[in-house]
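This is what each chain is made of:
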Amino acid sequence: MSEFSLAKRVAALPPYLFAEIDRVKNLVRARGVDIISLGIGDPDLPTPDFIIDALNAAARKPENHQYPSYVGLARFRAAVAGWYKRRFDVDLDPENEVVTLIGSKEGIAHFPLAFVDPGELVLICPPNYPVYGVATGFAGGRVKHLPLREENDFLPDLDAVSDAEWEQAKIICVNYPNNPTAAVAPRAFYEKLVAKAKASNTIVLSDAAYTEMYFDPAKKPLSLLEIPGAKDVVIEFHSLSKTYNMTGWRIGMAVGNPSLVKGLGKIKENVDSGAFQAIQEAGIAALEQGEPFARDFRRIYKERRDLAVAGLKKMGIECRAPEATFYLWAKVPKGLTAAAFVTDILEKTGVVLTPGNGFGLPEAGEGYFRIALTVPKDRIEEALSRIAAM
Ligand SMILES: *Cc1c(COP(=O)(O)O)cnc(C)c1O
């Protein structure tokens with residue numbers, strides 16, 4: 001059998017940092033240990049029934065069996081615009097300022113192909129969702145990292161970017177509420193970001209997947225598009241995945257500046273042919289009737305968060321209680337690397353955590369680990385008591 005060499009863009013992908021953890025996990029499982037995974041950000045709760053019912057009905061309609069429009073069903077885009085208006089008081093023209101995605105990851109991964117030429121600069125804030133850097137690399141772009149530090153509340157230092165770099169930067173990627181640090185962006189940060197981006201004609205890619213996973217209704221996370229004038233430079237990616245427990249369905253959206261939405265549409269026109277219309281119909285149901293369910297999910301995650309933060313404190317592990325997301329970003333005890341700490345816990349307890357060095361730039365998240373609150377409370381309790389007993 002011939003063995004073919006990978007293209008340079010694939011060969012250049014960073015090493016898979018979780019390979020060692022996967023190896024240890026398999027060994028531990030083979031010993032018969034009951035594994036508790038707090039590793040991946042994938043909701044354990046099922047998709048609400050009314051959304052499944054909407055899919056069932058829509059799947060029976062023959063008109064949904066044909067190729068969809070690559071920009072998305074007009075009614076789905078209108079539902080997105082309606083949801084943005086109700087939730088953020090942001091006005092969107094469904095015709096020109098909304099595109100349906102096959103999950104927001106798809107859109108984020110394709111976006112640089114539409115706007116980044118080889119050698120062009122993209123600003124990324126690690127620790128980060130790795131897709132921004134990978135997609136930039138696939139487009140041949142060059143990355144400058146703006147690390148997120150605890151002393152800056154995990155916001156990038158926009159003043160650390162020189163005027164010349166702002167001028168060169170084609171895109172800056174931001175993600176709030178943030179995965180993995182769980183930080184939330186205050187309005188003043190967003191205002192400054194929009195001002196800097198407008199002054200240098202830099203595109204702002206806002207990944208807003210977690211705006212609905214908040215714990216205090218008086219402090220709901222913002223959409224970057226709430227900032228006056230943001231639409232001049234912003235494309236915001238959002239998703240039904242986390243809000244309505246729909247990660248497996250692959251449905252999301254990009255909204256904002258019409259030329260950015262259109263450019264992304266150009267890639268989609270030539271790569272995929274859009275999202276299954278029946279799933280878009282189910283997405284309409286979720287956007288229009290999902291809020292009471294989202295409220296229940298928030299309450300469940302808040303209980304889990306409080307339980308886990310208290311348990312970590314008791315063990316002397318430092319961890320801020322986040323205002324949003326279903327992640328905890330906690331400090332590795334002094335003297336250990338994130339990988340050593342996480343591997344030791346996995347070997348001794350069967351609890352899977354994510355080392356902080358696995359998010360984009362390894363050194364940016366070193367010294368931290370991430371907990372995903374995606375198991376029921378009794379399993380969180382069990383995990384904590386196993387770790388405490390180590
Ligand atoms: C989960 C997640 C997404 C959403 O991905 P989908 O493709 O919409 O399922 C996007 N960005 C971040 C940072 C995430 O953690």
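## A closer look at the environment of Gly 32
Of note, Gly 32 is situated in the loop between helix 2 (19-30) and strand 1 (36-37). The exposure class assigned to Gly 32 is exposed, which follows from its relative accessible area of 60%. It is 9.7 Å that separates the C-alpha atoms of Gly 32 and Gly 350, two residues lying 318 residues apart in sequence.

## Examining unusual backbone geometry
With an omega of 0 degrees, the peptide bond between Pro 126 and Pro 127 qualifies as cis. Residue Pro 177 is reached from Tyr 176 by a cis peptide bond, and omega for that bond is -15 degrees. Of note, Pro 177 is situated in the loop between strand 5 (169-175) and helix 8 (187-200). Of note, Arg 250 is a non-glycine position whose phi angle comes to about 60 degrees, a positive value. As for its position among the elements, Arg 250 is in the loop between strand 7 (234-239) and strand 8 (252-256).

## Side note on empty space enclosed by the protein
Over the atoms, a rolled probe matching the size of one water molecule traces out where space is still vacant. For the structure on display, the rule yields three cavities of 30 Å³ or more. Its volume calculated, the largest cavity comes out at about 80 Å³. Lining of the largest cavity is provided by 14 residues; of these, Leu 38, Leu 312, Ile 371, Leu 384 and Ile 387 occupy positions nearest its centre. Only helix 11 (291-314), helix 12 (338-349), strand 12 (368-372) and helix 14 (377-388) provide two or more residues apiece to the lining of the largest cavity. Ranked by the residues each element gives to the lining of the largest cavity, the list is headed by helix 14, at four residues. Looking at side-chain class alone, the lining of the largest cavity contains 14 nonpolar, no polar and no charged residues.

## Comments concerning the sheet that holds strand 11 (residues 354-355)
Strand order in this open sheet of three strands is 9-12-11, and the pairing throughout is antiparallel. At either margin of the open sheet sits one strand with a lone partner, and together these are strand 9 (327-331) and strand 11. As paired elements, strand 11 and strand 12 share two bridges and run antiparallel to each other. Within strand 12, the position partnered with Pro 355 by the bridge is Phe 369.

## Points about the layout of surface pockets
One number sums up the size of the second largest pocket: a volume of about 360 Å³. If you trace the second largest pocket, you find 22 residues lining it, with Phe 154, Thr 181, Ala 182, Ala 183 and Arg 320 closest to the centre. The greatest single-element share of the lining of the second largest pocket, amounting to five residues, is contributed by strand 9. Split by residue class, the lining of the second largest pocket holds 15 nonpolar, one polar and six charged.

## A closer look at helix 4 (residues 74-88)
Its 15 residues place the ends of helix 4 21 Å apart at the C-alpha level, agreeing with the 21 Å of an ideal helix rising 1.5 Å per residue. Within helix 4 the residues assigned to the buried category are Phe 76, Arg 77, Ala 79, Val 80, Ala 81, Trp 83, Tyr 84, Arg 87 and Phe 88. Here the buried face of helix 4 lies against strand 2 (98-101), strand 7, strand 8 and helix 10 (277-289). Looking at the residues trailing helix 4, positive phi occurs at Asp 89, about 55 degrees.

## Observations regarding the pairing of strand 6 (residues 203-207)
A regular strand carries its side chains on alternate faces of the sheet. Most of strand 6 sits inside the fold, with five of its five residues counted as buried. Where burial is concerned, the two faces of strand 6 agree: the one with Ile 203, Leu 205 and Asp 207 and the one with Val 204 and Ser 206 are both buried. The pairing of strand 5 with strand 6 spans five bridges and is classified as parallel. Bridge pairing links Val 174 to Ser 206 in strand 6. Traced from strand 5 through helix 8 to strand 6, the parallel crossover comes out right-handed. Taken together, the four bridges between strand 6 and strand 7 define a ladder with parallel strand orientation. Bridging across to strand 7, Leu 205 finds its partner in Ile 235.

## Some details on the site of the ligand
For the ligand, the set of nearby residues contains 14 residues, the closest of which are Asp 207, Tyr 210, Ser 241, Lys 242 and Arg 250. The backbone of Ser 104 places a nitrogen or oxygen atom 2.8 Å from an oxygen atom of the ligand. A distance of 2.6 Å is found between an oxygen atom of the ligand and a side-chain nitrogen or oxygen belonging to Ser 241. With the chains in place, 94% of the 390 Å² that the ligand exposes on its own is no longer accessible. A per-class count over the shell around the ligand returns four nonpolar, six polar and four charged.

## Structural notes on the domain arrangement of the protein
Looking at the assigned domains, one finds that the protein contains domain 1 (8-46 + 292-388) and domain 2 (49-289). One C-alpha centre belongs to domain 1, the other to domain 2, and the line joining them spans 25 Å. Contact residues are listed per partner, giving 33 residues for domain 1 and 32 residues for domain 2. Interface area lost by domain 1 to domain 2 is led by Arg 298, Glu 323 and Thr 325, which between them contribute 21%. Across the domain 1-domain 2 interface, the total number found is five salt bridges. Two residues, Glu 323 and Lys 219, come together in a salt bridge whose shortest N-O distance is 3.7 Å. Elements represented by at least two residues in the side of domain 1 that touches domain 2 include exactly helix 11, strand 9, helix 13 (362-365) and strand 12. Of the residues assigned to the side of domain 1 that touches domain 2, the class counts are 18 nonpolar, six polar and nine charged.

The rules behind the values
- By convention here, each chain's residues receive numbers from 1 onward along its written sequence.
- For a predicted model such as this one, the threshold for reporting local features is a pLDDT of at least 70, and the threshold for listing and counting side-chain atom pairs is 80 or more; totals across whole chains, interfaces and linings nevertheless cover every residue.
- The side-chain values count all of the structure's non-hydrogen atoms but skip hydrogen atoms and water molecules.
- Elements are defined by DSSP. Helices are runs of H or I of four residues or more, strands are runs of E of two residues or more, and each kind is numbered from the N terminus.
- Categorising residues by exposure relies on relative accessible area from a 1.4 Å probe, with only protein chains included: less than 20% of the type maximum marks a residue as buried, more than 50% marks it as exposed, and the intermediate range marks it as partly exposed.
- As defined here, a cavity is a set of points on a 1 Å grid over the protein atoms alone where a 1.4 Å probe fits but cannot get out. A pocket is an open set with protein on both sides within 12 Å along at least five of seven lines, and residues line them when an atom is within 4 Å of a point.
- Grid points are joined across faces, edges and corners, and a volume is the space filled by probe spheres set on the points.
- In the scheme used here, Gly and all other residues not listed as nonpolar or charged are polar, with Ala, Val, Leu, Ile, Met, Phe, Trp, Tyr, Cys and Pro taken as nonpolar and Asp, Glu, Lys and Arg as charged.
- In this scheme, strands are said to pair when DSSP sees at least two bridges between them.
- Here the expected length of a helix is defined as 1.5 Å per residue gap, with one fewer gap than residues.
- In what follows, residue pairs with any heavy atoms lying within 4.5 Å of each other are defined as contacts.
- Seen with the strands pointing away from the viewer, any crossover whose path from the first strand over the helix to the second strand runs clockwise is right-handed.
- One heavy atom suffices: a residue is near a molecule or strand as soon as one of its heavy atoms comes within 4 Å of it.
- Counted as a polar contact is a pair of N or O atoms within 3.5 Å, where, for protein atoms, one must be capable of donating a hydrogen and the other of accepting one, and residues adjacent in sequence contribute only when both atoms are in side chains.
- Each accessible area is a Shrake-Rupley estimate made with a 1.4 Å probe; only the visible protein chains count as cover when residues are assessed.
- The split into domains, and so the bounds of each, comes from an automatic or database assignment of domains.
- We define buried area as the total accessible area lost by two parts upon association, computed with a 1.4 Å probe and summed across both.
- By salt bridge we mean one thing: a side-chain nitrogen of Lys or Arg within 4 Å of a carboxyl oxygen of Asp or Glu.

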